[in-house]
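Residue-level structure breakdown
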Amino acid sequence: MDTPRMSAKPSVTQPIDTLHFQRILDATHHDPFQFLGVHASSAKGAAWCIRVFFPQAEQGWVKIGENWQVLQLKHHQGLFTYTDKEEIKAPVKLRIKARGNPEPYEIVDAYSLPATLNPDDLYLFAEGKLFEAYNSLGAIPMKVAGVDGVRFAVWAPNAERVSVVGSFNQWDGRVHAMRVHGSSGVWELFIPHLTEHDLYKFEIRNREHGYVVVKVDPYGRAFEARPGTANRITQSHYTWEDTAWLAKRQQDDWLHAPFNCYEVHLGSWQRDGNGHFMSYRDMADRLIPHVKDMGYTHIELLPIAEHPLNESWGYQVTGYFAPTQRFGSPDELKYLIDRCHQANIGVILDWVPGHFPKDDWALARFDGTALYEHADPRMGEHMDWGTYIFNYGRNEVRSFLLSNAYYWLKEFHIDGLRVDAVASMLYLDYSRKEGEWLPNQYGGRENLDVIEFLKQLNMMVGERFPGVLTIAEESTAWPAVSRPVYAGGLGFSMKWNMGWMNDVLTYMQLDPVYRQYHHNRLTFGQMYAYSENFVLPFSHDEVVHGKKSLLEKMPGDKWQQFANLRLLFTLQMTTPGKKLNFMGNEFGQSREWSVNQSLDWHLTEDKCEHHALHRGIQSAMRDLNHVYFKQNALHTFDFEAQGFQWIDCQDASQSILSYIRRGNDHTFAIIVLNFTPVPRQRYRLGVPEPGHYQEIFNSDAACYGGSNIGNVHGCTTESVPWMDYPVSISLNLPPLAGVILQLQKQDKLT
């Protein structure tokens, strides 16, 4: 290191531009680059000067050529200057001795470096079309003029001054004030020498009322450990190994492929021996083998973007671009997803563009005004959830949300987005009373900005990420949710079938003696089953808030509860539509889901009183999943009427349903479901073709905890016309159970 030419402590000299400097001291300067950095000098005999502001410094030097020159202290609060006849060229190197530190340190002056934001990107951002805005805004490690550091950029159009504050400047908003790019409202500053793991926020002073707020970075990619709320500078070093998966995904015919999703909340699936969270890496070692063994095709992760409160389940997002640090770093999450792909398991992300919380350090009133949200609470607040609603009509907000979706798909190789609370987005009067909402320009209740946003989202995903799915949680009769935009739809790949789920669970909770009077709840779904590409969900929402677990919803004694649950899953897995089950369903979790503790995995252990029944549920679900995956007839035409045919939907008096599922390879499966605890011996059933029918699944099998009534040797057709079919079979129907039959001449399952 060069040794500076030391001198006595510099004296304060005058004059200085007191107006500019006072604004620097007051942290009100709108354009600090106008005063700090290298400028033409008005001093006699000098052509150039540099001004630097270091409130904690007692001495400073600037490197001119090969020599260190003393910076003159112009103001006791930390303004230093140097003048020279020759041009002072950037980047300007400084040596600063802070008060209380024996040795000086070297830095490059941030105000001697040029702006780096691309004007074209700023234009697209303002147009709502910058799909990779996260590469322009936020904290981006990079090299500028040969200097390593981090470029910070943030959108705050109503700010008088914006500063980067952090662990590197004692959180002093006077030190690293940013430059603004004209009318774009985007502020930028490159700070040399910062490293990964430095903490930062933005300090913003509103230009109208002078109110100062300290905010996290909307595009921040990592956070410090809770309860802290600062962003952490991060940079990915991960090397992906899922090339084969991505190539396959792009070519897959997802419409006709099996899709069986395991919905997971990472914080409560399992915990370690001390009750602490498992890491993303631990999850890769434990979760993936379980999912693979059980036969699921996809994992759906409840929101994993950063959120402050466990009890929000991740739906109160405060860091849209930051995987929660609860379970590790962003690269460790990539490792988990990569491992899933290498095991041929897709990963769906629960994505929350419908609302955001009011935490004063996050997006709410970001620059002192309603920036990301509507100012009018009739448009801008969810009264039920106590959250703000995004202003989808504002282009910069669209760029934020679209680029967030793009970020998860591009940077984390996510295979699909389950979009939360779409109904709450689509309707201006959602959960509002008369007078609490504003109609659209045509007087209607539809949110036209949301419609356009969702169409743009789905077109972007379809064009940029072939094979990636978008799935709407939409609970109303809004038409064509999962139809292409060019055909007048919203463009989603699939939609949750909330109507089917509610009808089926309502029916299954009835005492079997009353089920005959509600038979239509099982059959009505076929009236609209192919109007959308439906997913049949038994999600987390059905096992919380006093709704009980699926097992506890079931009526009867303990044996009947388990039998009913096995029957419910048989109905779900054989009904047209893709599948989703929340964690714990697969082994009959007894209690409601709690976000703050692990699932009750001990229920399947020998020491548990009903371990055999819980293991039976798990075995039945495993076998059902594998049958669904392997049996072409059970998944090929999940969205098309040609894949389903009733045998008998009218046997309400006995609460029996029977139907056919057909594949595109001329195979078919017969499904018969008995919703009473009464065994039906020699039940006659019409079938489409003669031959011998083998039982390939029976939810009443002894290995599942059932009574083992069934048709172990299969059933051979008789020339007895029945139910409009030329031949029929006579079979034994077990109580509270379902059976799947297959014509023996068809290819057998392996």
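Conventions and cut-offs
- Residues numbered from 1 in each chain as written.
- Predicted model: local features only at pLDDT ≥ 70, side-chain atom pairs only at ≥ 80, totals over all residues.
- Heavy atoms only, no water.
- Helix = DSSP H or I, 4+ residues; strand = E, 2+ residues; numbered from the N terminus.
- Buried < 20%, exposed > 50% of the residue type's maximum accessible area, 1.4 Å probe, protein only.
- Contact = heavy atoms within 4.5 Å.
- Areas by Shrake-Rupley, 256 points an atom, 1.4 Å probe, with all protein chains shown as cover.
- Lys, Arg positive; Asp, Glu negative; His and termini not counted.
- Charge placed at Lys NZ, Arg CZ, Asp CG, Glu CD.
- Phe/Tyr/Trp six-rings, centres within 6.5 Å; stacked < 30°, edge-to-face > 60°.
- Lys NZ or Arg CZ within 6 Å of the ring centre and 35° of its normal.
- Polar contact = N/O pair within 3.5 Å; in protein donor to acceptor, adjacent residues only side chain to side chain.
- Pairing = 2+ DSSP bridges.
- Salt bridge = Lys/Arg side-chain N within 4 Å of Asp/Glu carboxyl O.
- Axes fitted to C-alpha atoms, helices over the stretch in contact; angles between N-to-C directions.
- Parallel < 35°, antiparallel > 145°, perpendicular 65-115°, else oblique.
- Nonpolar A, V, L, I, M, F, W, Y, C, P; charged D, E, K, R; others polar.
- Core = buried A, V, L, I, M, F, W, Y, C linked by side-chain atoms within 4.5 Å.
- Disulfide = S-S within 2.5 Å.
- pLDDT = per-residue confidence, 0-100.
- Left-handed = near helix turned anticlockwise from the far one by under 90°.

1. Remarks on the overall build of the protein
- Per the secondary structure count, the protein includes 16 helices and 36 strands.
- On the principal axes, the C-alpha backbone points of the protein span a range of 115 × 60 × 45 Å.
- The 750 residues of the protein split such that 60% are buried.
- Nonlocal contacts in the protein, meaning residues at least 24 apart in sequence, comprise 70% of its contacts between residues at least 6 apart.
- Working note: accessible area of the protein is about 29300 Å², and carbon and sulfur atoms make up 49% of it.
- Placing the 70 positive and 87 negative side-chain charges of the protein at their respective mean positions leaves the two points 3 Å apart.

2. Observations regarding the environment of Leu 522
- Note that Leu 522 resides in helix α13 (residues 520-523).
- The spatial distance from the C-alpha of Leu 522 to the C-alpha of Trp 500 is 8.1 Å, given a sequence separation of 22 residues.
- If near-sequence neighbours (up to four positions away) are discounted, Leu 522 is found in contact with Val 504, Tyr 507, Leu 571, Trp 646, Leu 657 and Phe 675.

3. Looking at the side chain of Arg 566
- Here Arg 566 shows up in helix α15 (residues 558-574).
- In contact with Arg 566, other than residues within four places in its own chain, are Trp 559, Ile 617, Ala 620, Ser 699, Asp 700, Tyr 704, Gly 705 and Gly 706.

4. Concerning the packing of aromatic side chains
- As enumerated under the stated definition, the model contains 49 aromatic pairs in all.
- Over the ring of Tyr 335 we find Arg 281; its NZ or CZ atom is 3.9 Å from the centre of that ring.
- Stacked on the ring of Trp 496, the Lys or Arg Arg 418 has its end atom at 4.3 Å from the ring centre.

5. Observations concerning helix α11 (residues 498-508)
- With respect to burial, α11 is a largely interior element, 8 of its 11 residues being buried.
- Within the sequence span of α11, burial applies to Met 498, Trp 500, Met 501, Asp 503, Val 504, Leu 505, Tyr 507 and Met 508.
- Elements in contact with the buried residues of α11: β26 (494-496), α12 (512-515), α13, β27 (534-538), α14 (550-553) and α15.
- Of the residues that open α11, the one with a side-chain oxygen 3.5 Å from the backbone nitrogen of Gly 499 is Asn 497.

6. Things to note about the pairing of strand β6 (residues 79-84)
- Counted residue by residue, β6 has 5 buried out of 6 residues, so it is predominantly covered.
- Pairing between strand β2 (residues 48-53) and β6: 6 bridges, direction antiparallel. Across the sheet, the residue bridging to Cys 49 is Thr 83, located in β6.
- Pairing geometry for strand β5 (residues 72-75) and β6, over 3 bridges, is antiparallel. Paired with His 75 across the strands is Leu 79, a residue of β6.

7. Here's the deal with the sheet that holds strand β31 (residues 668-674)
- Ordered in space as β29-β30-β31-β36-β33-β34, the 6 strands form an open sheet in which the pairing is antiparallel. The open sheet has two edge strands, β29 (644-651) and β34 (715-716), and neither has a second partner.
- By the bridge criterion, 7 bridges tie strand β30 (residues 656-662) to β31 in an arrangement that is antiparallel. Within β31, the residue paired with Leu 657 across the bridge is Leu 673.

8. So, the pattern of salt bridges
- Here the structure, examined in full by the defined rule, presents 29 salt bridges.
- Among the ionic pairs, Glu 300 bridges to Arg 418, the shortest N-O distance being 4.0 Å. In this pair, Glu 300 sits in strand β18 (residues 298-301) while Arg 418 sits in strand β24 (residues 416-419), placing the two residues 118 residues apart along the sequence. Arg 418 matches Glu 300 in its accessibility class, with the two residues each being buried.
- The partner of Arg 661 in a salt bridge is Asp 638, and the shortest N-O contact between them spans 3.3 Å. With Arg 661 in strand β30 and Asp 638 in the loop between α16 (611-630) and β29, this residue pair connects regions lying 23 residues apart in the sequence.

9. Overview of the sheet that holds strand β7 (residues 93-98)
- An order of β4-β3-β7-β8 is seen for the 4 strands of this open sheet, with the pairing classed as antiparallel. The two strands at the open ends of the sheet, each matched to only one other strand, are β4 (67-70) and β8 (105-108). The sheet shows a mean angle of 35 degrees between the axes of neighbouring strands, direction not considered.
- The pairing of strand β3 (residues 57-64) with β7 spans 5 bridges and is classified as antiparallel. The residue of β7 that forms the bridge with Gly 60 is Ile 96.

10. Overview of unusual backbone geometry
- With an omega dihedral of -5 degrees, the bond running from Ala 90 to Pro 91 counts as a cis peptide bond.
- In this structure, Pro 91 sits in the loop between β6 and β7.
- In this structure, Ala 27 is a non-glycine residue whose phi angle is positive, near 55 degrees.
- The residue Ala 27 is located in the loop between α1 (18-26) and β1 (37-40) in this model.

11. What to know about the packing of helix α2 (residues 119-127) against helix α8 (residues 395-411)
- At a closest axis distance of 6 Å, the pairing of α2 and α8 adopts a crossing angle of 100 degrees. Judged by the inter-axis angle, α2 sits roughly perpendicular to α8. Touching Leu 124, Phe 125, Ala 126 and Glu 127 of α2 are Asn 395, Glu 396 and Ser 399, all from α8.
- Across the contact of α2 with α8, the residue classes tally to 3 nonpolar, 2 polar and 2 charged.

12. A closer look at the nonpolar core
- Formed by 182 residues in total, the largest nonpolar core has its most connected members in Phe 152, Leu 266, Trp 269, Tyr 372, Phe 390 and Leu 454.
- No other element matches α8, which puts 9 residues into this core.
- Apart from residues no more than four positions distant in its own chain, Tyr 372 is found in contact with Trp 155, Pro 218, Tyr 219, Phe 356, Leu 363, Phe 366, Ile 389, Phe 390, Asn 391, Val 397 and Phe 400.
- Core analysis: the next-biggest nonpolar cluster, separate from the first, contains 19 residues, Ile 647, Ile 656, Tyr 725 and Ile 729 among them.

13. Side note on the state of the cysteines
- If you walk through the whole model with that rule in mind, you get 0 disulfides.
- Note on Cys 715: no disulfide assigned, nearest cysteine sulfur contributed by Cys 703 at a separation of 18 Å.

14. A word on the confidence of the model for the protein
- The predicted model of the protein averages 94 in pLDDT, with 97% of residues at 70 or higher.
- Low pLDDT (under 50) marks residues 1-14, which in the prediction has 30 contacts with non-local residues, meaning those over four places away or in another chain.

15. Regarding the environment of Glu 373
- Turning to its location among the elements, Glu 373 is positioned in the loop between β21 (346-351) and α7 (377-380).
- Of the residues examined, Glu 373 reaches a relative accessible area of 1% and is grouped as buried.
- Separated by 352 residues in sequence, Glu 373 and Tyr 725 have C-alpha atoms that sit 60 Å apart.
- For Glu 373, the contacting residues outside a window of four places in its chain are Phe 356, Leu 363, Ala 364, Arg 365, Gly 380, Tyr 388, Ile 389, Phe 390 and Asn 391.

16. Thoughts on the packing of helix α5 (residues 280-294) against helix α6 (residues 330-342)
- Packing of α5 against α6 brings their axes to within 8 Å, and their N-to-C directions diverge by 20 degrees. Taken together, the axis directions place α5 and α6 in an arrangement best described as roughly parallel. Here α5 runs over α6; the crossing is right-handed. Here Tyr 280, Arg 281, Met 283, Ala 284, Asp 285 and Ile 288 of α5 come into contact with α6, specifically with Glu 332, Leu 333, Tyr 335, Leu 336, Arg 339 and Cys 340.
- Taken together, the residues of the contact of α5 with α6 sort by class into 8 nonpolar, no polar and 4 charged.

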